[in-house]
Amino acid sequence: MWSYTFRRVLMTIPTLLLVITVCYLMLHATPGGPFDGERKLSAAVLANLQAKYHLDLPLWQQYLYYLKSLLSGDLGASFRYADWSVNDLVIKALPVSLSIGGGSLLISIVLGVGLGIIAALRQNSLVDYLVMLIGNIGSAFPSFVIGPVLIMVFAIWLKWLPAGGWDDFQLGYMILPMTLLTFINISTIGRVMRGSLIEVLSSNFIRTARAKGLGLSTIVFRHALKPALMPVVSVIGPLAISSITAAVVTESVFSLPGIGKLIVNGAANRDYTLVLGLVVLVTVVAVLLNLLVDLAYALLDPKIRY
Amino acid sequence: MFKMKQSSLADALSANLAAAPVQGRSPWRDARERFLRNKAAVISLILLVLITLACVFGPFFLPHTYEDTDWDAMSLAPTLQNWHLFGTDELGRDLLVRCLIGGRISLMVGFLATLTSVLLGIVWGATAGFLGGKVDSLMMRFVDMMYAVPYLLIAILMVTLLGRDFYLVVLTITVFSWMDMARVVRGQTLSIKSKEYIEAARAIGVSTTSIIFSHVVPNLLGIVVIYTTVTVPGVILTESVLSFLGLGVQEPMTSWGVLIQDGCGVMESTPWILLFPAALLSITLYCANYIGDGMRDALDPKDR
């Protein structure tokens with residue numbers, strides 16, 4: 001286990017380096033420098049500025065400086081919002097994204113596993129059809145279609161909830177975005193949980209447990225649940241990545257001031273450094289999440305020994 | 001007596017065999033029959049073909065163009081008058097034509113990006129599978145790395161830096177859509193390489209080229225076709241997400257994602273501007289998904 005953990009942790013480094021390097025080089029390949037404003041700067045000022053940001057050095061030295069500042073947790077300065085560093089913007093936006101994205105991921109794991117279990121135990125019941133329906137809708141309809149439909153129904157016709165926006169973590173503004181993300185996640189988790197539990201329940205050791213005369217709840221919770229959860233754990237990694245995508249769209253649909261909105265706005269304003277900083281940050285988070293899921297998988301499944 | 005009867009039966013049988021050689025059933029014909037039996041997949045295919053035809057040829061038969069503004073008919077509800085069947089948007093542009101033109105872009109990006117990513121995936125996967133060893137594990141490690149990357153964000157960065165050209169959108173989508181195909185093709189290549197029928201063909205002296213073309217390629221083709229149809233909806237979806245976020249094609253040119261974004265802004269007063277493109281995109285994705293499922297069932301009967 002320890003040597004696997006060590007190797008798995010080591011493997012994240014090339015991934016991170018690849019993404020950072022490619023993004024950095026792309027940034028450098030684009031024409032135009034940060035100080036090509038409408039007002040021409042005098043040569044002396046320009047030279048000073050370039051020296052301050054190490055722009056007068058050869059590319060590989062600039063790159064090393066960039067890596068060094070990344071290691072110390074500094075994502076750089078924003079092109080457009082003068083006076084703001086990327087870190088300042090992130091600190092304001094991250095709690096919004098984390099509470100919406102992380103919160104709905106937790107809720108959907110609990111709800112999805114629960115619904116999946118009920119659907120597997122009572123096939124062709126109402127819950128079963130519900131899980132299948134959510135799975136079908138979630139896999140075919142894009143989030144930016146489901147989101148507006150939610151707004152139309154609950155904000156415009158029923159007038160129960162605000163159509164979008166954000167007011168300091170007030171619950172009313174969080175319900176619709178979290179509903180959307182939870183719905184999308186449940187569509188995967190519920191389906192996978194249902195399928196894997198049905199498969200496990202038809203295996204030999206469950207038949208033995210039944211033959212011993214164990215009750216249904218003991219069979220499900222003590223014997224069947226753990227092996228049935230393995231496929232669910234393995235989809236949580238990809239799901240976390242696609243949650244990031246869905247969160248970008250969700251924040252755009254409901255105009256939430258989170259990381260996703262920041263990235264989209266940065267892209268629209270061509271705020272290169274902001275987008276680069278945010279991409280690096282989110283990539284680190286995504287790679288770490290994947291690492292955690294893989295390690296959890298190795299810990300849970302005794303069959304896997306690398 | 002009995003003996004004679006038997007031999008005459010054998011004669012008749014052999015005569016019969018000589019007269020009508022047994023019709024072989026190609027696996028492709030089997031697959032086609034299985035696909036045609038799948039009602040949902042056939043209906044989806046017909047719908048998708050109709051939508052594609054409407055997008056390609058429809059705009060020629062309509063009296064409006066996608067960028068003309070009708071100053072007397074802004075934000076018009078769907079009506080028969082003046083052929084505004086889907087109504088008009090807040091600038092007085094005919095929504096039906098815009099939906100069809102947008103569909104052209106969405107489907108064209110979907111088609112092109114699927115083609116490029118499928119080709120890239122096949123070449124990558126087949127190379128890794130054939131070469132094996134260190135090269136294989138290195139190439140597949142790279143695929144693993146690509147999976148761990150939050151692709152939409154890198155796509156946003158690419159579009160921000162490189163511009164919002166049509167072909168750049170195709171390129172951006174390609175970069176993040178080829179990995180599934182590469183994995184599948186590599187796995188299939190590896191398993192075909194060690195199959196008994198390949199060994200048998202070698203043993204009876206079939207040449208390598210003929211082994212590749214009559215045994216390896218046909219067995220690879222089924223899975224390639226399956227994963228191509230599975231790639232299509234994902235690619236169309238990615239294009240729509242990009243253009244929904246304002247990073248795809250630029251006004252006045254449009255695509256379904258752009259139209260949905262436009263519709264979101266005005267859904268309180270004129271909901272049809274949102275509903276029509278959203279419905280078109282959803283139907284297309286739904287059909288593409290069903291066709292993919294039908295293909296999988298038809299071409300891979302073992303895998304149910």
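Placed above this text is the structure.
Residues numbered from 1 in each chain as written. Chains lettered and ligands numbered in written order. Predicted model: local features only at pLDDT ≥ 70, side-chain atom pairs only at ≥ 80, totals over all residues. Heavy atoms only, no water.

### Observations concerning the overall build of chain B
Within chain B, the secondary structure is distributed over 12 helices and zero strands. Ordered by position in the sequence, the α and β elements of chain B form the string α-α-α-α-α-α-α-α-α-α-α-α. Counting all 304 residues of chain B, 44% fall into the buried class. Nonlocal contacts in chain B, meaning residues at least 24 apart in sequence, comprise 69% of its contacts between residues at least 6 apart. (Helix = DSSP H or I, 4+ residues; strand = E, 2+ residues; numbered from the N terminus. Buried < 20%, exposed > 50% of the residue type's maximum accessible area, 1.4 Å probe, protein only. Contact = heavy atoms within 4.5 Å.)

### Notes on the pattern of salt bridges
Across all of its chains, the model carries four salt bridges over all chains by this definition. Among the salt bridges present, the one from R194(A) reaches D128(A), with a minimum N-O distance of 2.6 Å. Highlighted residues: R194(A) in helix α7 (residues 171–201) and D128(A) in helix α5 (residues 126–140), separated in sequence by 66 residues. By the burial criterion, R194(A) is buried, and D128(A) matches it. We note a salt bridge from D144(B) to R183(B), for which the minimum N-O separation is 2.6 Å. Of this pair, D144(B) sits in helix α5 (residues 133–148) while R183(B) sits in helix α8 (residues 179–193), placing them 39 residues apart in sequence. Relative accessible area serves as the criterion here: at 30%, D144(B) is assigned to the partly exposed category. (Salt bridge = Lys/Arg side-chain N within 4 Å of Asp/Glu carboxyl O.)

### Notes on empty space enclosed by the protein
All names here are of chain A. Under the counting rule described, the total for this entry stands at one cavity of 30 Å³ or more. In this structure, the largest cavity spans a volume of roughly 30 Å³. Lining the largest cavity are 10 residues, with P162, G164, Y173, P177 and F254 sitting closest to its centre. The class makeup of the residues in the lining of the largest cavity is seven nonpolar, three polar and no charged. (1 Å grid on protein atoms, 1.4 Å probe; cavity = no way out; pocket = protein on both sides within 12 Å on 5 of 7 lines; lining within 4 Å. Points joined across faces, edges and corners; volume = space filled by probe spheres on them. Nonpolar A, V, L, I, M, F, W, Y, C, P; charged D, E, K, R; others polar.)

### Structural notes on the side chain of S97(A)
Residues and elements named next belong to chain A. Its place among the elements puts S97 in helix α4 (residues 86–121). Overall, the relative accessible area of 15% leaves S97 in the buried class. Those residues in contact with S97, other than ones at most four positions away along the chain, are G102, E251, G258, I259 and G260.

### So, the environment of E239(B)
Residue and element names in this part refer to chain B. Here E239 is to be found in helix α10 (residues 208–244). Of the residues examined, E239 reaches a relative accessible area of 2% and is grouped as buried. Leaving out residues up to four positions away in the same chain, E239 has contacts with I105, S106, V109, V169, I173 and S255. At 3.2 Å, the side chain of E239 forms a polar contact with the side chain of S106. (Polar contact = N/O pair within 3.5 Å; in protein donor to acceptor, adjacent residues only side chain to side chain.)

### Here we look at the packing of helix α3 (residues 39–61) of chain B against helix α12 (residues 272–299) of chain B
Residues and elements named next belong to chain B. Interhelical geometry of α3 versus α12 gives an angle of 135° and a closest axis separation of 8 Å. Classified by the interaxial angle, the pair formed by α3 and α12 is oblique. Where α3 crosses over α12, the two elements pack in a sense that is left-handed. Of the residues in α12, those touching α3 at A40, A41, S44, L45, L47, L48 and I51 are L280, I283, T284, C287, Y290, I291 and G294. A class-by-class count of the residues in the contact of α3 with α12 yields 11 nonpolar, three polar and no charged. (Axes fitted to C-alpha atoms, helices over the stretch in contact; angles between N-to-C directions. Parallel < 35°, antiparallel > 145°, perpendicular 65-115°, else oblique. Left-handed = near helix turned anticlockwise from the far one by under 90°.)

### Observations regarding the packing of aromatic side chains
In this structure the tally under the stated criterion is nine aromatic pairs over all chains. Between the aromatic rings of F141(A) and Y286(B), the centroid separation amounts to 5.9 Å while the plane-to-plane angle is 45°, which identifies the pairing as tilted. Of this pair, F141(A) sits in the loop between α5 and α6 (143–157) while Y286(B) is found in helix α12, placing the two residues in two different chains. On the accessibility criterion, F141(A) (29% relative accessible area) is partly exposed. Among the residues examined, Y286(B) registers a relative accessible area of 25% and is labelled partly exposed. Relative to W178(B), the ring of F142(B) has its centre 6.4 Å away and its plane inclined at 20°; by these criteria the two rings are stacked. With F142(B) in helix α5 and W178(B) in the loop between α7 (166–175) and α8, this pair connects stretches of sequence that are 36 residues apart. (Phe/Tyr/Trp six-rings, centres within 6.5 Å; stacked < 30°, edge-to-face > 60°.)

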